[in-house]
Amino acid sequence: MTLDDLARPETPGTPPPADPHSAAESADPAAAGPGNRPGTWAALRPLVLRVHFYAGVLIAPFLLVAAVSGLLYALSFQAEKVVYAHELEVPVGDTALPLARQVHLAREANPNGTVTAVRPGAEPGATTRVLMADPDVPEGTSLAVFVDPYTGDIRGQLPSYGSSGALPLRTWIDGLHRDLHLGALGRNYSELAASWLWVVVLGGLFLWFGRRRAKRRTLVLPERGPKSRRRTLSWHGSVGLWAALGLLLLSATGLTWSRYAGENIGTVQDRLGGATPTLAAELAPARGAGAPTGHEGHEGHEGHGTGAEGQAPATDIGIDRAVAAARAAGIDSPSISVAPPADGKGYVVKETDTQFPVELDAVALDPADGTVVDRLRFAEYPVLAQLTRIGIDAHTGVFLGLFNQLALVALALALVLLILWGYRMWWLRRPGRPVARGTWRRIPVTLLLPCAAATALVARFVPLLGVSLLLFLAVDLGLALKARLRSRYRARRTA
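Residue numbers here run from 1 along each chain, matching the order of that chain's written sequence. In keeping with the predicted nature of the model, local features appear solely for residues at pLDDT of at least 70, side-chain atom pairs appear and are counted solely at 80 or more, and the whole-chain, interface and lining totals rest on all residues. Side-chain numbers here rest on the full set of heavy atoms in the structure, without hydrogens or water.

- Going by an unreviewed UniProt entry, the protein chain carries the name PepSY-associated TM helix domain-containing protein and comes from Streptomyces gulbargensis.

Now the structure itself:
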């Protein structure tokens, strides 16, 4: 059986049942949907159907893995609150300890770590996270020491990853979704899935809108009736229509940090002036962290700063006064992250609330007196940088909190069902035959050339899409050659 032998009627030699959906899919309709000109959509539709069919059969396993792992990731936010409740939550006390005291207690609990950031609890009853660079945690991961802000008790120590502070459970699921825990090689799977998802979705939309239907409601609502391929197709198309926008956004945002396409997208974004701005936290040499001051013997004095050992500034207002200065400078979100002065930089206080309305402003402060060295407001980001940040946060489930996570769960379930329904339709029509080869010859040259140019351009910026498409063509040509040779061999035997 070849790839072309996958979709003909159940009983060879007998006409298929009276099903307009099946008939429209197995034939090359001369008439297109309402509003389409004969010779354009009628010529393009078979090619779209062929690409949608092959991509659905061959790329669907990658999409299925991405959907299931993405579903688990969306659920992991709430699971973390249960699994790590001891580290994350404490009874609300009367008065919170100064941050400097909490950092000191965290250092005592892990004297080998270097403090890199402090995240006070955003709400009453939440612990303070003191993030440390530690040789015992994986590269790119910090060690989070959880401190009870009311009593100073150490509630635990856990690896923490990324700007969202993902803990081990979510980090493991994120790695499964990103690269199947296979490293750089595994990232090809997720990029391949993201590269083809938008193609499959757009192809499905064109096919679904191009159908002739007796009732308009069947465009957005699935048909009822006995189990059949027609009803499966109705559910596949209707659910796909409702989920299309979300799936397209997942594909686009997933590509932004992919291995190959992400680099190309970043280059284009930078050239369009959409690069994400950075905060300038460097201090003047005479006042920088660790800069010579002409006074000796201060190395052993333990001040109120939280800088790395041996790199703390000679004069430091302390983390509590730094936070107060940042509040006065407009950092008013309850969710903040404070980076201590080190390596010639001052305090950096950032808002970390990614929920709507987004609060991601940041200030750099001189540790000597708390004056503002630099300020960066999210409202001043270029539009492309804002959209990129919001898109990535939405993809990772942190933009709109619980609503965002529930939307991701719904999209993941919809994608799983669409894949299963697609395979069911193929199974009901096996061993069948999709649109015949050579359908591209029927496309007018005025349409074929722009389509070919657009395909080449997209393949240039989304390399895995281009490589896999060439592989599909090679397989298709190989099967066509095999079928032709077999036909000639049979003709010679019967001659």
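Structure shown, so let's carry the discussion forward.
**With respect to unusual backbone geometry**
- For the peptide bond that leads from Phe-356 to Pro-357, omega is -5°, which places it in the cis range.
- Where helices and strands are cited, they refer to DSSP runs of H or I of at least four residues and of E of at least two residues respectively, numbered from the N terminus. Tracing the chain through its elements places Pro-357 in the loop between β6 (347-351) and β7 (362-365).
- For Leu-180, which is not glycine, the phi dihedral falls at a positive 60°.
- In this structure, Leu-180 sits in the loop between α6 (168-179) and α7 (187-209).
- Partly exposed describes any residue whose relative accessible area lies between the buried limit of under 20% and the exposed limit of over 50%, with all areas from a 1.4 Å probe on protein chains only and scaled to the type maximum. For Leu-180, a relative accessible area of 30% corresponds to the partly exposed category.

**So, the nonpolar core**
- Nonpolar cores are built from buried Ala, Val, Leu, Ile, Met, Phe, Trp, Tyr and Cys residues. Side-chain atoms within 4.5 Å join them into one set. Counting 43 residues, the largest nonpolar core has Ile-59, Leu-63, Trp-196, Leu-197, Val-201, Leu-247 and Leu-415 as its most contacted members.
- Elements represented by at least two residues in this core include exactly α3 (60-83), α7, α8 (229-256), α12 (402-428) and α14 (463-494).
- A per-element tally of this core places α12 first, with 11 residues.
- Non-local contacts of Leu-63, meaning those with residues more than four positions away in its chain, are made with Ala-193, Leu-197, Leu-415 and Ile-419.
- Residues Val-118, Ala-329, Ile-336 and Tyr-347 belong to the second largest nonpolar core, which totals 23 residues. For this analysis, residues touch if any pair of their heavy atoms sits within 4.5 Å.

**A closer look at the packing of α3 against α12**
- It is the contact of α3 with α12, at a shortest axis distance of 9 Å, that shows an interaxial angle of 155°. Our classification of the angle between α3 and α12 gives roughly antiparallel. Our pair here, α3 against α12, has a crossing hand that is left-handed. Across the interface between the two elements, Ala-60, Pro-61, Leu-63, Leu-64, Ala-67, Val-68, Leu-71, Ala-74, Leu-75, Phe-77 and Gln-78 of α3 pack against Leu-402, Gln-405, Leu-408, Val-409, Ala-412, Leu-413, Leu-415, Val-416, Ile-419 and Tyr-423 of α12. Every axis corresponds to a line fitted to the C-alpha atoms, with the helix fit spanning only the stretch in contact, and the corresponding angles, defined between N-to-C directions, vary from 0 to 180 degrees. To sort the angles, those under 35 degrees are grouped as roughly parallel, those over 145 as roughly antiparallel, those from 65 to 115 as roughly perpendicular, and the leftovers as oblique. Two helices crossing with the near one rotated counterclockwise from the far one by less than a right angle form a left-handed crossing, whereas a clockwise rotation gives a right-handed crossing.

**Section: the UniProt feature "transmembrane region" (unreviewed entry) in the protein chain**
- As recorded in UniProt, the feature "transmembrane region" (unreviewed entry) lies at residues 53-75, 193-211, 232-252, 402-423, 443-461 and 467-485.
- Helix makes up 89% of residues 193-211 and strand 0%, whereas the separation of the span's terminal C-alpha atoms amounts to 27 Å.
- Helix makes up 89% of residues 443-461 and strand 0%, and the two end C-alpha atoms of the span are 25 Å apart. UniProt positions are given in the numbering used here, feature names are shortened, and annotations may be inferred rather than shown by experiment.

**Considerations on the environment of Arg-231**
- Assignment of secondary structure puts Arg-231 in helix α8.
- Judged by its relative accessible area of 26%, Arg-231 falls in the partly exposed class.
- Placed 190 residues apart in sequence, Arg-231 and Trp-421 show a C-alpha to C-alpha distance of 10.0 Å.
- Other than its neighbours up to four places away in sequence, Arg-231 contacts Glu-223, Arg-224, Gly-225 and Pro-226.

**Some words on the pattern of salt bridges**
- Any carboxyl oxygen of Asp or Glu that lies within 4 Å of a side-chain nitrogen of Lys or Arg is treated as forming a salt bridge with it. Taken as a whole, this structure holds six salt bridges when the rule is applied.
- Across the pair Arg-178 and Asp-179 runs a salt bridge whose closest N-O atoms are separated by 3.7 Å.
- Judged by its relative accessible area of 28%, Arg-178 falls in the partly exposed class.
- Taking the shortest distance from any N to any O, the salt bridge between Asp-393 and Arg-389 comes out at 2.8 Å. Highlighted residues: Asp-393 and Arg-389, both in helix α11 (residues 383-395), separated by four residues, approximately one helical turn.
- Each of the salt bridges in this network shares a partner with another, and the network as a whole consists of Asp-174, Arg-178 and Asp-179.

**Re a nonpolar patch on the surface**
- What goes into a patch is any residue over 30% in relative accessible area without a salt bridge, connected to like charges within 9 Å or, for nonpolar side chains (Val, Leu, Ile, Met, Phe, Trp, Tyr), within 5 Å. Per-residue and other accessible areas follow the Shrake-Rupley method at a 1.4 Å probe size, with only the shown protein chains counted as cover for residues. A contiguous nonpolar patch, built from Val-268, Leu-272, Val-383, Leu-384, Leu-387, Leu-457 and Phe-461 and spanning about 650 Å² of accessible area, is present on the exposed surface.
- Looking at the nonpolar patch, the elements with two or more residues in it are α11 and α13 (445-461).
- With three residues, the top contributor of residues to the nonpolar patch is α11.
- Here Val-383 shows up in helix α11.
- Val-383 sits in the exposed class, given a relative accessible area of 59%.

**Side note on the environment of Arg-321**
- Note that Arg-321 resides in helix α10 (residues 319-328).
- Assessed through its relative accessible area of 55%, Arg-321 is described here as exposed.
- Separated by 222 residues in the primary sequence, Arg-321 and Leu-99 have C-alpha atoms spaced 9.7 Å apart.

**Quick look at the pairing of β7**
- Neither face of β7 is open: one carries Ala-362 and Ala-364, the other Val-363 and Leu-365, and all of them are buried.
- Two strands are said to pair when DSSP picks up at least two bridges between them. Sheet topology note: the β6/β7 ladder contains four bridges and is antiparallel. Each bridged residue has a counterpart across the sheet, and for Tyr-347 the counterpart in β7 is Leu-365.

**Concerning α3**
- Given a helix with a known number of residues, its expected span is that number minus one, times 1.5 Å. Here α3 spans 33 Å end to end across 24 residues, near enough to the 34 Å set by a 1.5 Å rise per residue.
- Here the bend at a residue is taken as the angle between two axes, fitted respectively to the seven residues that end there and the seven that start there. If you look at α3, its biggest bend is around 45°, right at Phe-77.
- Check the buried side of α3 and you find it contacts α2 (41-58), α4 (85-88), α6, α7 and α12.

**Some details on α11**
- With 13 residues, α11 ought to run about 18 Å at 1.5 Å a step, and its terminal C-alpha atoms sit 18 Å apart, in line with that.
- Within the sequence span of α11, burial applies to Ala-385, Gln-386, Gly-391, Asp-393 and His-395.
- For α11, the secondary structure elements touched by its buried residues are α6, α8, α9 (261-271) and α12.
- At the C-terminal side of α11, Gly-397 shows a positive phi close to 80°.

**Structural notes on the pairing of strand β2 (residues 128-133)**
- Counting buried positions over the six residues of β2 gives five, a clear majority of the element.
- Note that strand β1 (residues 114-119) and β2 share five bridges and pair antiparallel. Bridged to Val-118 within β2 is Val-130.
- Relative to strand β3 (residues 141-147), β2 is paired through five bridges, and the arrangement is antiparallel. Within β3, the residue paired with Leu-131 across the bridge is Ala-144.

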